[in-house]
Amino acid sequence: MEPLILGIETSCDETALALYSNKGLIENLVYSQSEHQAYGGVVPELAAREHLEKLPRLFKQLLQSANIQPKSITHIAVTCGPGLIGALLVGHNFAQGLAQALNIPLIPIHHLEAHIAAAFINTTFEPEPFLTLLVSGGHTQILLTNGIGNYQLLGQTLDDAAGEAFDKTAKVMGLGYPGGPKIEQKAQDATQPVALPKALKLRKDAMMSFSGIKTAARQHYLEHQKQPLVVENIAQGLQACIAEQLTRKVNTAIKTTGVKKLVVSGGVSANQFIRSYLEKHSLTETVLFPDLKYCTDNAAMVAYLGYLRRFDDIHFEIRARWPIEELNPPKNL
Ligand code: KG4
Ligand code: ZN
């Protein structure tokens, strides 16, 4: 029977389902929860309740738009962590119920590994070693990737994630959640970008920090909020400052490993300014970004990784924290 993998993603505030087969991605549906906007950040309890309500409807919609019967699904891949525990549990329970009803196996998926896999949807996962810059709302890491399931952590943030700095600065300036896309949009009208401090300049390793930048941006806003274009100028200053640090740390990783191929993934990788800054100023030979629609949370990356990991033994554990270095390569490799 031809494999048809249903991917389920509920680790944060996107309820997402997708289907992947030998032909590639068949269907991809994402519902971005809007309920959190009023709070300027994700409310975990609300996220879980929303997933619970939306999943069955989204599943029905998926079957209709792909024109398939549930019995043609051969595997279910579901995100098990890292993420919000309540939100993960809703996705897992839904997946388990469906897997039992259809008598098909479940495949546990690591959310960050799925973000890396997103760069290879509809193609082949790069077998040669490459560096990964993983920049999302909860994580900022630089990894040496030696194929699926083989990751070495080279550096990570000591405090906030890059996405968090975008979200929190946007919140202070009243732009709403998620902050990254709003900051990117505002930055286009900047006339005099605000210079923000370069973090960890004296540190020679690939560790990163974004909380000082966030505080400096906040301070500047509070002191100058009556000035024209202050939001736009902070937005561009923040974007540029984050791009500079990410690039500087990627260059450190390139110098220590000699690996010059880079994959950039996670929500922040959707940022066009950061993309072109990395392309222009990093020491890379090749930089690969996922398609824009696969940068932020989605289930296409989950279904695709499930397709690659469909021969694994099933070991399920829902984990709010789950270091990516603990993963192993898939069984069929
Ligand atoms: O990967 P993701 O969807 O969820 C997590 O796994 O965290 O990443 C969400 C993060 C948020 O912090 C959001 O503000 C940021 O990605 N983001 C962006 C952009 N689009 C999303 N940051 C900068 N520029 C963007 N265009
Ligand atoms: Zn994510």
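Just above sits the structure.
Residues numbered from 1 in each chain as written. Chains lettered and ligands numbered in written order. Predicted model: local features only at pLDDT ≥ 70, side-chain atom pairs only at ≥ 80, totals over all residues. Heavy atoms only, no water.

## Observations regarding the pattern of salt bridges
Piece 1. Applying the stated criterion to the full structure yields 15 salt bridges.
Piece 2. Where arginine 309 meets glutamate 113, a salt bridge forms, and the shortest distance between an N and an O atom there is 2.9 Å. Linking arginine 309 in the segment after helix 9 (300-308) with glutamate 113 in helix 3 (residues 111-117), this pair joins segments that are 196 residues apart in sequence.
Piece 3. Looking at arginine 309, the relative accessible area reads 6%, which means it is buried.
Piece 4. The exposure class of glutamate 113 is buried, given its relative accessible area of 1%.
Piece 5. With a shortest N-O distance of 2.9 Å, lysine 293 and aspartate 291 are connected by a salt bridge. (Salt bridge = Lys/Arg side-chain N within 4 Å of Asp/Glu carboxyl O. Helix = DSSP H or I, 4+ residues; strand = E, 2+ residues; numbered from the N terminus. Buried < 20%, exposed > 50% of the residue type's maximum accessible area, 1.4 Å probe, protein only.)

## So, the pairing of strand 4 (residues 75-81)
Piece 1. With seven of seven residues buried, strand 4 lies mostly within the body of the structure.
Piece 2. Direction of pairing for strand 1 (residues 4-9) relative to strand 4: parallel, over a ladder of four bridges. The residue of strand 4 that forms the bridge with isoleucine 5 is histidine 75.
Piece 3. For strand 4 and strand 5 (residues 106-110), the ladder comprises five bridges, and the chain directions are parallel. Within strand 5, the position partnered with valine 78 by the bridge is proline 108.
Piece 4. A crossover links strand 4 with its parallel partner strand 5, the connecting element being helix 2 (residues 85-102), and its sense is right-handed. (Pairing = 2+ DSSP bridges. Right-handed = clockwise from strand over helix to strand, strands pointing away.)

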